[in-house]
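Fold and contact review
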Amino acid sequence: ISSVEMDPDVARRLFEEGATLVLLGVPQGTEFGIDCRSWQVGPRFRGVKMIPPGLHFIHYSSVNSPRCGGEIGPKTGLFLTLKPKEVVLGNWDPKEEDLDFSASKNEEEVSRVRATLRELDPHLGPYPYEVMRKWVSLTDRLSEEVASSLQPLSGRICAFADVVPENEYRHTKDRAEQPRNDTACQSMREGLDRLPRMKQREGTEVRFSKIPKKTYPDGATPAQITQCSMDLSYALETVLEKNHKQQPLNLLGELQFAFVCFLIGNMYEGFEHWKSLLTLLCRSEEAMQKRKELYLGLIAVLYHQLGEIPPDFFVDIVSQNNFLTSTLQDFFQFASGPCVDGTLRKRAEKFKAHLTKKFRWDFDADLDDCAPVVVELPEGVTVD
């Protein structure tokens, strides 16, 4: 691991107060990373030292040997909170191709490793301090509590979902009821219907807030249903009440968690959830008038996130149904309303000018989204 020249005082402080990740048995060639930086592991690698205390994202991909093609496996990651001077011990499990941190719970084992840190030192790479500022800007709203509550129960965030069949078909009778696969399919639909239905293995799902499909309250009139489909404040308040009642600003931490999962963890589900949360926040006019701090925070979070998306990925996000431009267009339109707090209105104007200049987006152009909103009414509700 290489490091950029660091201020001697910072280096000394990190040397004295920094945490250490001791990782034993990681195969040469494995891609290993912490926060926004990753490397291919060499033969002498035993971990990372001088890690600033706080929340970090550890990520790694196993690699086939060059004899077997040298392919890189899907990425696995986890959020870890490290205390000053803490030593965390991980052992590579070759069968699972994963790091096992259970030894960290064994105080004797940790003490033994701590006593050998001086000998291990030449094999420990220094934390890439040059990316610290970027990492903090991407996670400053993400607390240890929020990260723990969102991380899967398995403790691992995987780029590829671990799926199992919805039905196990243990009995012959169950299998007999399944569509047969010994005849040719007449259509793509028939082929898809024959495939077993899959679900994520229990405990491996990221525990994101559920975004309600129904955006209006029970018993709403057709007029209220239409209003709640154009202004998503009711759905947003439902999410906050259910998931972040004590601290609504933790929703911004969840937005950052989802972003790190897709930007660094290569997890597509993180990208989808980021989009869903962004849509919910940007299209909630009434909430914008009531929750100034949440929206001032959103602008700051988005400012840093949009600066980090790789250019090729950015094209996909923007071109996909004009997702980003149309969503932000709604946000800027609502934020310029007369009932919005003056500070928030000014901050939104500056952010809009920044994005217009940096990405040459035109938020004042008429987008297709200005077409009438088509609203599905619940069964039994009719418009007079």
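Everything here concerns the structure above.
Residues numbered from 1 in each chain as written. Predicted model: local features only at pLDDT ≥ 70, side-chain atom pairs only at ≥ 80, totals over all residues. Heavy atoms only, no water.

It is worth spelling out the overall build of the protein at this point. Each helix and strand in the protein was counted, giving 16 helices and 12 strands. By the burial criterion, 41% of the 384 residues in the protein qualify as buried. (Helix = DSSP H or I, 4+ residues; strand = E, 2+ residues; numbered from the N terminus. Buried < 20%, exposed > 50% of the residue type's maximum accessible area, 1.4 Å probe, protein only.)

Turning our attention to unusual backbone geometry. Its identity is not glycine, yet Met-50 carries a phi of approximately 55°, on the positive side. As for its placement among the helices and strands, Met-50 is situated in strand β4 (residues 47-51). Look at Lys-85: it is not a glycine, yet its phi comes out positive at around 65°. When its relative accessible area of 46% is taken as the criterion, Lys-85 is described as partly exposed.

This brings us to the sheet that holds strand β2 (residues 31-34). The antiparallel open sheet is built from 5 strands, whose spatial order is β3-β2-β5-β6-β10. Of all the strands in the sheet, just β3 (37-40) and β10 (157-158) have a single pairing partner and so form its edges. The pairing of β2 with β3 spans 4 bridges and is classified as antiparallel. Residue Gly-33 lies in a different strand from β3, and its bridge partner there is Ser-38. (Pairing = 2+ DSSP bridges.)

With that settled, consider helix α10 (residues 250-263). For α10, which comprises 14 residues, the first-to-last C-alpha distance of 20 Å matches the rise-based estimate of 20 Å (1.5 Å per residue) to within 8%. Across the 14 residues that make up α10, a large majority, 12, are buried. For α10, every residue scored as buried is listed here: Leu-251, Leu-252, Gly-253, Glu-254, Leu-255, Gln-256, Phe-257, Ala-258, Phe-259, Val-260, Cys-261 and Phe-262. (Expected span 1.5 Å × (residues − 1).)

The next thing to look at is the packing of aromatic side chains. Under the definition given, this model contains 17 aromatic pairs. Here the aromatic rings of Phe-57 and Phe-79 are separated by 4.8 Å at their centres, their planes lie at 45°, and the arrangement is tilted. One end of the pair, Phe-57, is in strand β5 (residues 54-61); the other, Phe-79, is in strand β6 (residues 76-82), with 22 residues separating them in the sequence. With a centroid separation of 6.1 Å and an interplanar angle of 85°, the aromatic rings of Phe-208 and Phe-257 are classed as edge-to-face. One end of the pair, Phe-208, is in the loop between β12 (198-200) and α8 (222-230); the other, Phe-257, is in helix α10, and 49 residues separate them in sequence. Each of the two residues, Phe-208 as well as Phe-257, counts as buried. (Phe/Tyr/Trp six-rings, centres within 6.5 Å; stacked < 30°, edge-to-face > 60°.)

Residue placement: Lys-75 occurs in the loop between β5 and β6. Lacking a salt bridge, the buried Lys-75 has Glu-31 as its closest oppositely charged neighbour, with an N-O distance of 5.6 Å. A distance of 2.9 Å separates a polar atom in the side chain of Lys-75 from the backbone oxygen of Ile-264. When residues no more than four places from it in sequence are discounted, the contact partners of Lys-75 are His-59, Tyr-60, Ser-61, Ile-157, Cys-158, Ala-159, Ile-264, Gly-265 and Asn-266. (Lys, Arg positive; Asp, Glu negative; His and termini not counted. Salt bridge = Lys/Arg side-chain N within 4 Å of Asp/Glu carboxyl O. Polar contact = N/O pair within 3.5 Å; in protein donor to acceptor, adjacent residues only side chain to side chain. Contact = heavy atoms within 4.5 Å.)

Of all 5 residues in β4, 5 are buried; the element is thus mostly enclosed. The sheet contact formed by strand β1 (residues 19-24) and β4 spans 3 bridges and is antiparallel. Within the sheet, the bridge partner assigned to Leu-21 lies in β4 and is Val-48. Bridge count for β4 against strand β9 (residues 124-126) is 3 bridges, and the pairing is parallel. The residue bridging Gly-47 from the neighbouring strand is Leu-124, located in β9.

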